[in-house]
Amino acid sequence: MLGKLIVFEGGEGAGKTTQLISVQTWLNQSGWGDRVAHYTQADFPPIVITREPGGTLLGKGIRKLLLDVTVTGNERLDEQAELLLFAADRAQHVASFLVPHLQAGTLVLCDRYTDSTLAYQGYGRGLDLGLIDQLNQIATQGLESDLTLWLDIEADYGLARTRQREQDPEIQSDRMEANEIAFHQKLRQGFATLAQQHPQRIVRVDAQQPEAQVAQHIQEVMEQHLQEWYP
Ligand code: TYD
């Protein structure tokens, strides 16, 4: 495909959202945005930010089902149901957003993708990794990221950060963030294993550094790839 898919992954409080916005600003200011525009169809944006869950209209509804405890009240969200909702969100996102943009040459910056499901539902919750791989395959139609930046942060450090920050105004209470440190340690181990298995695709970024340093590291990694992709 003409475009490129860059994914930001990490546990809670790794600063993904902040870094995504800072990358977008840097791309536009450094001239890369203009360069990418030469490769992009005129009716599509050169650079977009999107996320999972919630990158489409259907996905926004699914996101609410997944994260808003007020939707299901006391009814516990079954782990398999949760897994399938993430998969449904991804299938819709890939088919109706990612593929058309990538075909048009857009550089897509995506907050979370397939590795989140392996890390959270697989390594975190203990669901079958092979089954998750298959579901990812169905949902993505085989579409892999061109680069995945794993923002790595120690569990207790990341959790402390999430407690300080503002909550998503659309969601009253974040079910996921009610989880404990042990879960996040498993998550982190999961991301580490995935990074080992896919060294050509996943790059670890130390997200415990000050924000500006993390941004700098991300820019360096991106710069290398951009030079190769957009000569
Ligand atoms: P997100 O809004 O990116 O959370 P954060 O801002 O904390 O990074 O994602 C929402 C939650 O959904 C987050 O706790 C991770 C979780 N998640 C999964 O468990 N599996 C998945 O496949 C995805 C995409 C997200």
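Scroll up to find the structure this text is about.
Since the model is a prediction, treat every value here as computed from it, not as a measurement.

Caption draft 1: Seen up close, the site of the ligand. Contacts to the ligand come from 17 residues, most closely from Glu 12, Lys 16, Arg 63, Arg 112 and Thr 117. Lys 16 is positioned with one of its side-chain polar atoms (N or O) 2.7 Å from an oxygen atom of the ligand. Contact distances for the ligand include 2.7 Å between an oxygen atom and a side-chain N or O atom of Arg 63. For the ligand, whose free accessible area comes to 540 Å², the fraction covered by protein is 95%. Of all elements in the fold, only helix H3 (57-67), helix H5 (79-103) and helix H6 (114-124) reach the threshold of two or more residues within the shell around the ligand. No other element matches H6, which puts four residues into the shell around the ligand. Taken together, the residues that form the shell around the ligand break down as five nonpolar, three polar and nine charged.

Caption draft 2: Just the side chain of His 93, in detail. On the secondary structure map, His 93 appears in helix H5. Sequence-distant contacts of His 93, that is, excluding residues within four places in its chain, are made with Thr 50, Arg 51, Glu 52, Gly 55, Thr 56, Leu 98 and Cys 110.

Caption draft 3: View of the pattern of salt bridges. Within this structure, the stated rule accounts for eight salt bridges. As a salt-bridge pair, Asp 68 and Lys 64 come within 2.9 Å of each other at their nearest N and O atoms. Among the residues examined, Asp 68 registers a relative accessible area of 1% and is labelled buried. The class for Lys 64 is partly exposed, based on a relative accessible area of 38%. Among the salt bridges present, the one from Arg 204 reaches Asp 152, with a minimum N-O distance of 2.7 Å. One end of the pair, Arg 204, is in strand S5 (residues 202-206); the other, Asp 152, is in strand S4 (residues 147-152), and 52 residues separate them in sequence. Accessibility expressed as a relative area gives 40% for Arg 204, which makes it partly exposed.

Conventions adopted
- Residues numbered from 1 in each chain as written.
- Predicted model: local features only at pLDDT ≥ 70, side-chain atom pairs only at ≥ 80, totals over all residues.
- Heavy atoms only, no water.
- Near = heavy atom within 4 Å.
- Polar contact = N/O pair within 3.5 Å; in protein donor to acceptor, adjacent residues only side chain to side chain.
- Areas by Shrake-Rupley, 256 points an atom, 1.4 Å probe, with all protein chains shown as cover.
- Helix = DSSP H or I, 4+ residues; strand = E, 2+ residues; numbered from the N terminus.
- Nonpolar A, V, L, I, M, F, W, Y, C, P; charged D, E, K, R; others polar.
- Contact = heavy atoms within 4.5 Å.
- Salt bridge = Lys/Arg side-chain N within 4 Å of Asp/Glu carboxyl O.
- Buried < 20%, exposed > 50% of the residue type's maximum accessible area, 1.4 Å probe, protein only.

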